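Letter by letter, the chains look like this.
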There are 2 protein chains.
Amino acid sequence: MTSYWCELAWLGGPRATQGVVIEVAGGRIKAIVSDQLAPPPGATPLRGLTLPALANAHSHAFHRALRGRTQDERGTFWIWRDLMYRVAAVLDPDNYHRLARAAFAEMALAGIGVVGEFHYIHHRPGGDAYDDPNAMGLSLAAAARDAGIRLTLLDALYLHGGFAADAPFGYAPLMEEQTRFSDGSVTEWADRVDDLAAMIAGPITKVGAAVHSVRAVDPTSIGTAARWAAGNQAPFHVHVSEQPAENRQCFEVLGRTPIAVISDAGGLGPDTTLIHATHASGKDIVMVGEAGAICCLCPTTERDLADGIGPSEALAAAGARLCVGSDSHAVVDLFEETRAVELGQRVTKLERGVHNTEALAEMATRNGYRSLGWKEGGCLTPGSLADFTTIGLDSVRLAGADTANALASAIFAASGADVHHLVVGGRPVVVGGNHVSIDIASELDAIIPKLMTS
Amino acid sequence: MTSYWCELAWLGGPRATQGVVIEVAGGRIKAIVSDQLAPPPGATPLRGLTLPALANAHSHAFHRALRGRTQDERGTFWIWRDLMYRVAAVLDPDNYHRLARAAFAEMALAGIGVVGEFHYIHHRPGGDAYDDPNAMGLSLAAAARDAGIRLTLLDALYLHGGFAADAPFGYAPLMEEQTRFSDGSVTEWADRVDDLAAMIAGPITKVGAAVHSVRAVDPTSIGTAARWAAGNQAPFHVHVSEQPAENRQCFEVLGRTPIAVISDAGGLGPDTTLIHATHASGKDIVMVGEAGAICCLCPTTERDLADGIGPSEALAAAGARLCVGSDSHAVVDLFEETRAVELGQRVTKLERGVHNTEALAEMATRNGYRSLGWKEGGCLTPGSLADFTTIGLDSVRLAGADTANALASAIFAASGADVHHLVVGGRPVVVGGNHVSIDIASELDAIIPKLMTS
């Protein structure tokens, strides 16, 4: 049994609580004891505000290499995608492991206890399998283990090169850069993912299913993938309606919105997470809410890629759960990510407090754990996963906060730089603002230039 | 003569330069020497990227006390204003000095070398003057001197309690909370500001003129204040069109937009800075551009207060200069502030690279210095003010950046937490990430709770 004493902890509700002891054993929280105004003997003191560890529900680890490198040109999402494909083309199991380990460790340093890695770079450039067809997925799983954070590897089905109204079945063949993403068919995808799950599923690693998008997967295959997910009690993630062009092309070829396509294929339920949904229609939003599905908003990426501002208020009002992801890692800061959901509503509705602080804190924690299949994580209650993070309240950003407003100060003014501690599955991962085992900046400095010049 | 060696420095243009020596004497840059790949003997090494010091062109120092305290309620700008007035009501020359000193030091720690403090809390609650009618302004000037940063004290004229279509001259009387803002007439304001300038103007302090807004000052008085500014070669700042309600009421009472009112009063010229201009009309934008005026965008505040997203692309295209301000200090991070200008355009136009990196870097530096009347600041050239700041490139946020993209990485991914050094007027103010003389967080912790409970 290990004990931690939290100066302040958020146990749910609108405010933090002073003086909380968290007792941990076997990777779980055994007990929560309140009204402990001083650290009991033997307890590790955590000064500042302790939150459930943050959940990064949508990540493409390799995009970290693009940070600061795509900003200057006037252009669109689609021009950015070309740059992103250039990095995807040079990845191999070794350099991908190194890059992802540093990217996941950067997440740990920002208080993130679990990441949903949306993974579609499966095979060799050109499409031939590696000796182990799951070599790339195994690299990602090893990277997350090295970084000490929980991983849901969302292995993504990718079959087509986008909509093409004039093609026989409505889809273009894969572009050359996309060939390494594809397994050829949903059956081959499912076989490979079964193997992967057998190899990596464990106490801090899960495999989930993903469909890249309605652009890359036809409705029949979407249905098959969704049934695989349901049969394996695995989370099911899909990129959807990030860009107006996808909606237009989908309507042209399939006569429906992307979300309607997913729903009709049987892919919309309480274990489904729709990524983005930026341009969801009013009818889409009703469908998502009725299904009790989850939407993962990635506002710092959606800003960066000129996607737009997603309809978070309408989605929440319809009954959808919301969570957040740092996606392209333009920045990795779930405080900035979470407040951006609310601030995006404020600049479009010209009204404040659309999502209250408690709702925002749940997006960053419990809802993300739920989206990634860790239903017992993201909250500080007895029996939950022992995943929590502590932010110092002694930086200039948070000084002046008190018990009554510490949670709101964290959500609206903290930076990832304020994270002092992270515990995942009962194991310390970040202590005193440093990762316990990885010199993250040096690793990023070593690997990124190699990827960008090769 | 003091020498600094910069590993990387931004000397203008789209990219940083490697190995730059800055020679400083008498508070000015005497020489810039490039191609110095190692520190010469005696030079202080500045590892990372050195930029001109950042300019915070719009600040209300006392709003720092509200951080994290107004977020939870559903509401509008006007409800927030009531909360803000409660803090304004408890300020006196002593506690205002303490709060502002910590707030200005927080700015220094974020790389800010000059602040434009938009100052309107002049008198005692109820409106009687302090023994020295400039007691509050003197407190602010002392606070900036203590914090080591340059100050333009924009002393604001405030006469009326808002538009009132049914009142004889179209303006409501002052609300009780507003009485301490007013000098009674523009003549009394000008007399007081003359006295203030005589007392505080000096090497790191300037006095500028401000009109609170077209809500608070009638057109005739706006004209008089603008002439005072022109006669004193002082910058002239006005809050304008932050909220649609101001536009509507202004049109109802004066038959014109707020910007047209300022222009007709003779208040729109190259030394004018319009604060916000969020809801400027197409015609307004043409006027602003033709006048060569400056617009100060405060996007982190404009997000927070549900103002909306200002028309930065149209303003720049029309010929306006743009700069930025942290305004309400919801966060004090001019990297976040500056990228928010561009990212706001991306989410509304669904296009990337609207303002390029160089233009954004100029908003954060030279344009802000220009707005605040320091025409020789905000750039690293011989003869300029010796104001510069260095950000480390060794945090997880910026690791992986190289010479070609260090500037873009700073603008799009840095946090105020990455600032390691700040020199203002040749004097070190922040060294190794710490303020040279002020324990900022302790000071904020000491003063804010007193203000919030009194």
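As a starting point, this report considers the structure included with it.

Cut-offs applied
Residues numbered from 1 in each chain as written. Chains lettered and ligands numbered in written order. Predicted model: local features only at pLDDT ≥ 70, side-chain atom pairs only at ≥ 80, totals over all residues. Heavy atoms only, no water. Pairing = 2+ DSSP bridges. Helix = DSSP H or I, 4+ residues; strand = E, 2+ residues; numbered from the N terminus. Contact = heavy atoms within 4.5 Å. Axes fitted to C-alpha atoms, helices over the stretch in contact; angles between N-to-C directions. Salt bridge = Lys/Arg side-chain N within 4 Å of Asp/Glu carboxyl O. Buried < 20%, exposed > 50% of the residue type's maximum accessible area, 1.4 Å probe, protein only. Core = buried A, V, L, I, M, F, W, Y, C linked by side-chain atoms within 4.5 Å. Buried area = accessible area lost by both parts, 1.4 Å probe. Polar contact = N/O pair within 3.5 Å; in protein donor to acceptor, adjacent residues only side chain to side chain. Nonpolar A, V, L, I, M, F, W, Y, C, P; charged D, E, K, R; others polar. Parallel < 35°, antiparallel > 145°, perpendicular 65-115°, else oblique. Left-handed = near helix turned anticlockwise from the far one by under 90°.

### Looking at the sheet that holds strand β3 (residues 28–33) of chain B
Residues and elements named next belong to chain B.
Phase 1 of the analysis: Read across the sheet, eight strands follow the order β3-β2-β1-β4-β13-β14-β15-β16 without closing on themselves; strand pairing throughout is mixed. Because the sheet does not close on itself, it has two edges, and the strands there are β3 and β16 (434–435).
Phase 2 of the analysis: Both strand β15 (residues 427–431) and β16 contribute to a ladder of two bridges, which runs antiparallel. Looking at β16, one finds that Val-431 is bridged to Asn-434.
Phase 3 of the analysis: Strands in contact with helix α14 (residues 406–413) are β1 (2–9), β4 (44–52) and β13 (388–391); relative to β4, the strand with the most contacts, it is inclined by about 70°.

### Topic: the pattern of salt bridges
Should their charged atoms come close, side chains of opposite charge can pair.
Phase 1 of the analysis: The full count for this structure, using the stated rule, is 50 salt bridges over all chains.
Phase 2 of the analysis: The closest approach of N and O atoms between Arg-64 of chain B and Glu-106 of chain B, which form a salt bridge, is 2.7 Å. One end of the pair, Arg-64 of chain B, is in the loop between β5 (54–59) and α1 (77–89); the other, Glu-106 of chain B, is in helix α2 (residues 93–109), with 42 residues separating them in the sequence. Comparing Arg-64 of chain B with Glu-106 of chain B shows no difference in burial state: the two are buried.
Phase 3 of the analysis: Three or more residues joined by partner-sharing salt bridges are found here, namely Arg-303, Glu-336 and Arg-339 of chain A together with Arg-303, Glu-336 and Arg-339 of chain B.

### Considerations on the nonpolar core
Phase 1 of the analysis: Grouped together as the largest cluster of nonpolar side chains are 140 residues, with contacts concentrated most on Phe-62 and Phe-104 of chain B.
Phase 2 of the analysis: Looking at which element gives the most residues to this core, the answer is α2 of chain B, with 10 residues.
Phase 3 of the analysis: In this structure Phe-62 of chain B touches Met-84, Val-87, Ala-88, Leu-91, Tyr-96, Leu-99, Tyr-120 and Ile-121 of chain B, once residues within four positions along its chain are discounted.
Phase 4 of the analysis: Val-114, Val-186, Ile-262 and Leu-315 of chain A belong to the second largest nonpolar core, which has 139 residues in total.

### Section: the interface of chain A and chain B
Phase 1 of the analysis: Taken together, the contact pairs 61 residues of chain A with 61 residues of chain B.
Phase 2 of the analysis: Across the chain A to chain B interface the summed buried area is about 5,000 Å²; carbon plus sulfur atoms make up 51%.
Phase 3 of the analysis: Together, Arg-74, Arg-352 and Val-396 of chain A form the three largest contributors to the area buried by chain A at its contact with chain B, with a combined 17%.
Phase 4 of the analysis: Taken together, chain A and chain B are joined by 12 salt bridges.
Phase 5 of the analysis: Of the charged contacts, one joins Arg-352 of chain B and Asp-304 of chain A as a salt bridge, the two residues approaching to 3.1 Å between their closest N and O atoms.
Phase 6 of the analysis: At the junction of chain A and chain B, the tally comes to 30 residue pairs in polar contact (both at pLDDT 80 or more).
Phase 7 of the analysis: Looking at the side of chain A that touches chain B, the elements with two or more residues in it are α1 (77–89), α2 (93–109), α9 (299–304), α11 (334–349), α14 (406–413) and α15 (440–453) of chain A.
Phase 8 of the analysis: Looking at side-chain class alone, the side of chain A that touches chain B contains 25 nonpolar, 15 polar and 21 charged residues.

### Describing the packing of helix α4 (residues 186–200) of chain B against helix α5 (residues 219–231) of chain B
Residues and elements named next belong to chain B.
Phase 1 of the analysis: For the pair α4 and α5, interaxial distance at closest approach is 10 Å and the crossing angle is 20°. As the angle between them shows, α4 and α5 are arranged roughly parallel. The chirality of how α4 crosses α5 is right-handed. For the pair formed by α4 and α5, the contact residues are Val-186, Trp-189, Ala-190, Val-193 and Asp-194 on the first element and Ser-221, Thr-224, Ala-225 and Trp-228 on the second.
Phase 2 of the analysis: Residue composition of the contact of α4 with α5, grouped by class: six nonpolar, two polar and one charged.

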